[in-house]
Amino acid sequence: LKPASIQDSTPAPPQCSAFAAAMSFAKQIVVDCRGHLLGRLSSIIAKELLNGQQVVLVRCEDVNMSGSLYRAKLKYANFKRKKTNSNPRHGPFHQRAPSKILW
């Protein structure tokens, strides 16, 4: 430990997180989704997928969604109503399970 008068004023480097590890190209990236916001996590994962990176998401059912529960239910119900008018069996198919929403 350095005395208080000799310590330099530069801040410590940021802690390594799943996002910082995701920026380097590896064979496969495993991301723990627990405690992350859905939209922010989705945008980072989408960027990595567009770069050709293989990404595996674990504990997706523990992802956080911001806003009120009522608003989130309304948004998801509106999303589920979207389907093909001519033949609904052609898709798009919307997953109901919490682990499949971020898939």
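Basis of the calculations
Residues numbered from 1 in each chain as written. Predicted model: local features only at pLDDT ≥ 70, side-chain atom pairs only at ≥ 80, totals over all residues. Heavy atoms only, no water. Helix = DSSP H or I, 4+ residues; strand = E, 2+ residues; numbered from the N terminus. Expected span 1.5 Å × (residues − 1). Buried < 20%, exposed > 50% of the residue type's maximum accessible area, 1.4 Å probe, protein only. Arc of directions from axis to C-beta. Contact = heavy atoms within 4.5 Å.

(A) Molecular detail of helix α2 (residues 38-50). Between its first and last C-alpha atoms α2 spans 18 Å; for 13 residues at 1.5 Å apiece the expected length is 18 Å, and the two agree. Looking at α2, one finds that the buried residues are Leu41, Ile45 and Glu48. Down the axis of α2, the buried set is contained in an arc of 55 degrees. They therefore lie on one face. More than 90 degrees from the buried face of α2, the exposed residues found are Gly39, Arg40 and Leu50.

(B) Focus on the environment of Val63. In this fold, Val63 is placed in the loop between β2 (55-58) and α3 (69-80). C-alpha separation for the pair Val63 and Leu37, spaced 26 residues apart in sequence, amounts to 6.2 Å. With residues up to four places along the chain from it excluded, the contact list for Val63 reads Cys33, His36, Leu37, Leu38 and Leu41.

Geometric values such as these leave the question of function open.
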